[in-house]
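Commentary on secondary and tertiary structure
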Amino acid sequence: MARKFTPKVITANALLGGDAVWLTEDDRWTRDIREAELITDEAHGDLRLLEAQARAHEIAGAYLADAVAGRNGPEPTHFREAFRTRGPSNYTHGKQAELS
Amino acid sequence: MYVYNDFDEAFVRERVAQFRGQVERRIDGSLTEDEFKPLRLMNGLYLQLHAYMLRVAVPYGTLNAAQMRQLAYIADRWDKGYGHFTTRQNIQYNWPKLQDVPDMLEALADVGMHAIQTSGNTIRNVTADHFAGAAMDEIEDPRPIAELLRQWSTDHPEFQFLPRKFKIAVTGSENDRAVTKAHDIGLRMVRNDAGEPGFEVIVGGGLGRTPMVGKVLRDFLPKADLLPYCEAIVSVYNLLGRRDNKYKARIKITVHENGMEKIRDLVDARFAEISKGFAGHDQALLEQITASFAPPAFVIKSTDGFEAARLANPAFRSWTDTNLSPHKADGYAIVSISIKKHGATPGDATSDQMRVMADLAAKYGHNELRISHAQNVILPHVHKSDLAKVYAALREADLATANIGLASDIIACPGMDYCALATARSIPIAQDIATRFDELKIEHDIGQLKIKISGCINACGHHHVGHIGILGLDRAGVENYQITLGGDGTETTTIGERAGPGFSADEIVPAIERLVTGYLDLRKDADETFLQTYRRLGMAPFKTILYPSEDKADAA
């Protein structure tokens with residue numbers, strides 16, 4: 001039996017800065033996961049991933065990552081993806097410094 | 001120290017120009033990421049969790065003051081004002097922007113440095129004993145050989161697409177400070193019966209998911225045969241090594257699967273075939289290189305001031321007890337600068353600290369610095385009469401932590417704070433353990449203890465050869481830390497043994513504390529180290545200490 005599809009967001013690294021970005025419903029790359037499109041349909045997810053991967057001049061390494069609907073938009077479910085929304089834990093560098 | 005000749009200079013500049021063009025083509029969309037990735041990796045540029053990462057080679061861990069200052073400049077100009085020294089004696093910048101990397105490489109070329117072959121399935125930066133040229137127990141300085149290997153392996157056309165990465169380490173001493181038995185090729189200088197220096201050649205060592213201790217391929221290889229012999233080994237591996245499965249592609253698996261006899265026969269045959277082709281050119285080159293590593297002009301002066309300062313200043317005395325090693329020249333000492341301040345990130349130095357260390361090397365250290373695989377910085381040649389001044393300057397720069405070889409001198413890979421491959425974080429665990437031992441004020445009482453932490457099975461943090469090894473894993477979406485005990489990375493290399501089930505991020509620091517305080521009760525006397533106690537008693541008592549509740553459950 002096929003595994004049940006869990007909600008996803010499309011994420012990648014920005015081409016120039018290399019920082020984590022997420023794809024929005026209106027085809028922007030956002031640095032805030034809460035603005036990302038939460039994908040609940042597998043076929044739609046596959047299609048969106050192909051579209052994302054075609055934008056090679058903006059990003060690198062696009063993939064689907066698990067997420068859940070939170071109060072203010074999608075939230076990561078795995079700690080690795082959570083770290084990507086914040087930055088490293090040893091310095092206040094990366095997103096935690098830029099978004100706050 | 002070796003200085004680039006016209007050939008090196010032209011080669012590195014050309015590489016920078018090529019890469020500049022490649023970056024431009026990536027940015028303007030002419031190259032896809034799939035096309036660009038192998039090109040950037042050939043130049044040491046990774047894409048990590050939050051940013052790109054540039055890994056710069058520090059050949060055999062040796063730097064001069066100008067190079068260290070340039071590393072500081074690069075950190076300020078294009079990164080966040082610091083650099084991370086690695087277990088392969090390299091430096092990594094965690095925040096470069098893609099469009100800036102060609103300028104960073106140009107700035108490196110200005111001081112005779114590069115990032116070539118710090119990634120990819122090539123022969124990587126050759127590492128060496130960080131006390132090379134200074135150690136009292138040394139037969140010869142291993143760096144001329146390391147430099148010869150660097151020149152030979154750089155852009156070697158036969159070895160740009162090996163089955164997997166290939167790491168060589170070399171030491172000139174019987175006491176192995178270069179972890180040679182955990183390398184694809186380890187070269188340990190020894191003397192034969194006639195007293196001539198040569199190399200014990202070790203192959204097939206490595207950590208990672210299948211840790212193996214290297215085995216001796218040749219007991220004694222004359223120095224003159226070294227380069228063709230190494231080429232024969234890599235050449236045999238290049239054909240025989242597996243390309244069907246990247247987890248079975250390292251030479252350790254090739255040796256394991258084919259057996260040492262077969263490897264030895266093939267290497268000997270290949271050596272017979274190619275050695276004549278070297279026609280002595282390598283030896284002429286080695287002679288030139290060796291001349292550039294002539295020892296500095298050591299001075300002879302009184303060390304009375306040193307002894308007086310030691311008596312007068314207990315903090316200085318403590319630092320000299322832990323951070324100095326014996327030097328081959330009278331009146332000199334090897335200074336290890338700890339980049340492991342309690343609670344700080346292991347191996348991270350700010351640009352200001354780099355400049356202080358560069359200035360000290362220029363003023364008191366015959367213009368030399370080393371990066372150790374333990375992620376510390378070494379001033380290899382300091383006269384004892386200058387040590388008090390060196391210490392004062394280090395203290396000013398927050399670099400005077402007296403903990404070399406102690407519990408808080410922890411090796412830690414970047415882990416999931418930076419690395420895209422990591423399965424858990426390493427840095428916060430190292431920070432918390434070091435902070436805890438500092439609070440307890442017992443690390444000097446504990447004595448020699450090597451704690452090494454890796455954030456994934458690839459073992460960049462050398463956890464397999466830590467007296468206490470910690471491996472961070474992802475267990476059902478939660479960070480989990482496995483402990484191994486009894487590892488050793490010296491000439492008596494041993495792979496540590498897994499203690500049992502892993503610990504959560506909250507449990508791991510108390511577990512390490514239990515383990516170490518428990519050792520204090522188990523040891524015969526204050527001179528018996530953690531590793532010696534473990535070897536004497538085995539795993540059982542340590543297991544009881546680590547898993548007390550299970551023990552009770554068994555008894556019930």
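From a predicted model like this one, the values you see are computed outputs, not experimental measurements.

Moving on to the overall build of chain B. Scanning chain B for helices and strands turns up 19 helices and 21 strands. Computed over the C-alpha atoms, the radius of gyration of chain B is 23 Å, within 12% of the 24 Å expected from 2.2 N^0.38 for a compact globule of 556 residues. In terms of principal-axis extent, the alpha carbons of chain B reach across some 65 × 60 × 60 Å. Looking at the 556 residues of chain B, the share that counts as buried comes to 53%. Across chain B, every contact between residues at least 6 apart in sequence was considered, and the portion connecting residues at least 24 apart equals 68%.

This part covers the packing of helix H6 (residues 226-240) of chain B against helix H8 (residues 260-278) of chain B. Residue and element names in this part refer to chain B. Packing of H6 against H8 leaves a shortest axis separation of 8 Å and a crossing angle of 130°. One finds that H6 runs oblique with respect to H8. Of the two possible hands of crossing, H6 and H8 adopt the one that is right-handed. Here Leu227, Pro228, Tyr229, Glu231, Ala232, Ile233, Ser235 and Val236 of H6 lie close against H8, whose contacting residues are Ile263, Leu266, Val267, Arg270, Phe271, Ile274, Ser275 and Phe278. Within the contact of H6 with H8, the residues separate by chemical class into twelve nonpolar, two polar and two charged.

Turning our attention to the UniProt feature "domain: Nitrite/sulphite reductase 4Fe-4S" (unreviewed entry) in chain B. Residue and element names in this part refer to chain B. Following the UniProt record, the feature "domain: Nitrite/sulphite reductase 4Fe-4S" (unreviewed entry) maps to residues 119-272 and 410-543 here. Split by type, residues 119-272 is 31% helix and 18% strand. Its first and last C-alpha atoms lie 31 Å apart. The annotated region residues 410-543 carries 36% helix and 19% strand content, and the separation between its end C-alpha atoms amounts to 22 Å.

As a further point, take the pairing of strand E12 (residues 332-337) of chain B. Residue and element names in this part refer to chain B. Counting buried positions along E12 gives six out of six residues, so the element sits mostly inside the fold. Residues Tyr332, Ile334 and Ser336 point to one face of E12 and Ala333, Val335 and Ile337 to the other, with burial holding for every one of them. Between strand E11 (residues 324-326) and E12, which pair antiparallel in sequence order, lie five residues; one of them, Gly331, sits at a positive phi of approximately 85°. Taken together, the five bridges between E12 and strand E15 (residues 377-383) define a ladder with antiparallel strand orientation. Following the sheet pairing, Ala333 is matched in E15 by Val382.

Another point: the nonpolar core. In a soluble, globular protein the nonpolar side chains are often hidden away together inside. Within the largest apolar cluster, 174 residues are counted, with the highest numbers of intra-cluster contacts made by Leu54, Met68, Val170, Ile233, Met357, Ile433 and Ile470 of chain B. Ranked by residue count, the leading element in this core is H6 of chain B, at nine residues.

Turning our attention to the confidence of the model for chain B. Averaged over every residue, the pLDDT of chain B is 96; the share at 70 or more is 99%. Here the prediction assigns the complex a pTM of 0.96, and the interface score ipTM is 0.96.

What follows deals with the sheet that holds strand E13 (residues 348-350) of chain B. Residues and elements named next belong to chain B. Ordered in space as E1-E2-E5-E4-E13, the five strands form an open sheet in which the pairing is antiparallel. Edge positions in the sheet fall to strand E1 (45-47) and E13, since each has one partner strand and no second. Within the sheet, the average angular offset between the axes of one strand and its neighbour, ignoring direction, is 30°. Note: strand E4 (residues 82-85) against strand E5 (residues 91-93), two bridges, orientation antiparallel. Along E5, the bridge assignment pairs Phe85 with Ile91. Packed onto the sheet, helix H12 (residues 351-364) meets E4 and E13 and runs at close to 85° relative to E13.

How big an interface is tends to be reported as the loss of accessible area on association of its parts. Every contact between the two is made by 22 residues of chain A and, on the other side, 24 residues of chain B. The dominant element in the side of chain A that touches chain B, judged by the number of residues it contributes, is helix H2 (residues 79-86) of chain A, at four residues. Broken down by class, the residue content of the side of chain A that touches chain B amounts to eight nonpolar, eleven polar and three charged.

Further remarks concern the domain arrangement of chain B. Residues and elements named next belong to chain B. Looking at the assigned domains, one finds that chain B contains domain 1 (6-109), domain 2 (142-292), domain 3 (304-396) and domain 4 (411-555). Between domain 1 and domain 3, the C-alpha centre-to-centre distance is 28 Å. Contacts between the two partners involve 21 residues from domain 1 and, on the opposite side, 21 residues from domain 3. Secondary-structure elements contributing two or more residues to the side of domain 1 that touches domain 3 are strand E3 (62-63), helix H3 (65-78) and E4.

Residues and elements named next belong to chain A. The alternating pattern of strand E2 (residues 20-23) places Ala20 and Trp22 and Val21 and Leu23 on opposite faces, both of which are buried. Where strand E1 (residues 8-14) lies against E2, three bridges are found, and the strand directions are antiparallel. Counted as the bridge partner of Ala12 is Val21 from E2. The antiparallel pairing of E1 with E2 creates a hairpin that spans five residues between the two strands, and Gly18 there sits at a positive phi of about 80°. Looking at chain direction, E2 and strand E3 (residues 29-30) are connected through two bridges and run antiparallel. Residue pairing across strands places Leu23 opposite Trp29, the latter belonging to E3. Hairpin geometry of E2 and E3 is characterised by an intervening segment of five residues between the two adjacent antiparallel strands and by a positive phi of about 65° at Asp27.

The subject of this paragraph is the sheet that holds strand E8 (residues 185-191) of chain B. Residues and elements named next belong to chain B. Pairing is mixed in the open sheet, where five strands are placed in the order E6-E7-E8-E9-E10. Each edge of the open sheet is held by one strand with a lone partner, namely strand E6 (127-128) and strand E10 (215-222). Bridge analysis of strand E7 (residues 168-171) against E8 gives four bridges, and the strand direction is parallel. Of the residues in E8, the one forming a bridge with Thr171 is Arg188. Packed onto the sheet, H6 meets E8, strand E9 (197-203) and E10 and runs at close to 10° relative to E9.

What counts, and where the lines are drawn
Numbers given to residues run from 1 along each chain, matching the order in which its sequence is written. Ligands are numbered from 1 and chains lettered from A, in the order in which they are written. Reporting in this predicted model follows two pLDDT cut-offs: at least 70 for local features of residues, and 80 or more for side-chain atom pairs to be given and counted; totals over whole chains, interfaces and linings ignore these cut-offs and use all residues. Under the scheme used here, helices are H or I runs from DSSP no shorter than 4 residues and strands are E runs no shorter than 2 residues, and both carry numbers assigned from the N terminus. Each radius of gyration reported is based on C-alpha atoms, and the globular scaling rule is 2.2 Å times the count of residues to the power 0.38. Every C-beta atom is placed from the backbone, and the number of other C-beta atoms within 10 Å of a residue's own sets its class: buried at 20 or more, exposed at 12 or fewer, partly exposed in between. Each residue is represented by a C-beta atom placed from its backbone, and any two residues with such atoms within 7 Å are regarded as in contact. Only the stretch in contact is used when a helix axis is fitted, and all axes are lines through C-alpha atoms; the angle between N-to-C directions ranges over 0 to 180 degrees. Roughly parallel covers angles under 35 degrees, roughly antiparallel covers those over 145, roughly perpendicular covers 65 to 115, and oblique covers all other angles. Left-handed describes a crossing whose near helix is turned anticlockwise from the far helix by less than a right angle; the clockwise case is right-handed. Residues are grouped as follows: Ala, Val, Leu, Ile, Met, Phe, Trp, Tyr, Cys and Pro are nonpolar; Asp, Glu, Lys and Arg are charged; all remaining types, including Gly, are polar. UniProt positions are given in the numbering used here, feature names are shortened, and annotations may be inferred rather than shown by experiment. Two strands are said to pair when DSSP picks up at least two bridges between them. To count as a nonpolar core, a set of buried Ala, Val, Leu, Ile, Met, Phe, Trp, Tyr and Cys residues must be joined through C-beta atoms within 7 Å. Residue-level confidence of the predictor is what pLDDT reports, using numbers from 0 through 100. For the purposes of this description, domain bounds are those given by an automatic or database domain assignment.

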